[in-house]
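Topology and contacts: notes
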Amino acid sequence: ASRQTPWYVWATVFVGWGFALLCLLLIPADVAVALRSTCKEAQRSDCNTLFLSFSGSSDSKPLVPIWETVYWITFALSWLCMPLVQSYWDSGDYRFWKKLRAAVRENLI
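Residues numbered from 1 in each chain as written. Predicted model: local features only at pLDDT ≥ 70, side-chain atom pairs only at ≥ 80, totals over all residues. Heavy atoms only, no water.

**Focus on the confidence of the model for the chain**
Here the chain averages 80 in pLDDT, and 82% of its residues register 70 or above. The weakest mean pLDDT in the chain belongs to helix α1 (residues 7-41) at 82; the strongest belongs to helix α3 (residues 96-108) at 91. (pLDDT = per-residue confidence, 0-100. Helix = DSSP H or I, 4+ residues; strand = E, 2+ residues; numbered from the N terminus.)

**Considering the side chain of Thr 12**
Checked against the element boundaries, Thr 12 lands in helix α1. In contact with Thr 12, other than residues within four places in its own chain, are Met 82 and Val 85. (Contact = heavy atoms within 4.5 Å.)

**Some points on the environment of Gly 92**
For Gly 92, the position within the fold is in the loop between α2 (63-90) and α3. Distance in space between the C-alpha atoms of Gly 92 and Ala 102 is 8.9 Å, their sequence separation being ten residues.

**Points about the packing of aromatic side chains**
Applying the stated criterion across every chain, the model contains seven aromatic pairs. Measuring from centroid to centroid gives 6.2 Å for Tyr 71 and Phe 75, while their planes differ by 20°, and the two rings are stacked. Taken as a pair, Tyr 71 and Phe 75 lie in helix α2 at a separation of four residues, close to a single helical turn. A relative accessible area of 47% means that Tyr 71 is categorised as partly exposed. On the basis of an interplanar angle of 75° and a centroid distance of 4.9 Å, the ring pair of Phe 96 and Trp 97 is categorised as edge-to-face. (Phe/Tyr/Trp six-rings, centres within 6.5 Å; stacked < 30°, edge-to-face > 60°. Buried < 20%, exposed > 50% of the residue type's maximum accessible area, 1.4 Å probe, protein only.)

**Digging into the nonpolar core**
The nonpolar side chains of soluble globular proteins are, as a tendency, buried together. Residues Phe 19, Leu 26, Val 33, Leu 63 and Val 70 constitute the largest nonpolar core, which totals five residues. Of all elements in the fold, only α1 and α2 reach the threshold of two or more residues within this core. Looking at this core element by element, the count peaks at three residues for α1. Not counting residues within four places of it along the chain, the set of residues in contact with Phe 19 comprises Val 70, Ile 73 and Thr 74. (Core = buried A, V, L, I, M, F, W, Y, C linked by side-chain atoms within 4.5 Å.)

Take a look at the structure:
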């Protein structure tokens, strides 16, 4: 990326990559919680092994708002923000409102 890349392009790319990588961190935690709760429901005595003790508790309620937040921000970025920023950047107009109007028009059609 060049030094001429505007801040809003950097911001959308940073947030997009950040939330994509956050999913990679959330998946093992979610799997560990699911395995631990399955083990507890089966009333097995070996549920406190090193692998299953990673999750801390068998309650997955704290992960639900995190997953929902990641999902909706990723959805908004991929369907609204990033296409608008790309069209805005590619627009040949010189003024802010004309570039924005061209970007919105291109993405609505």
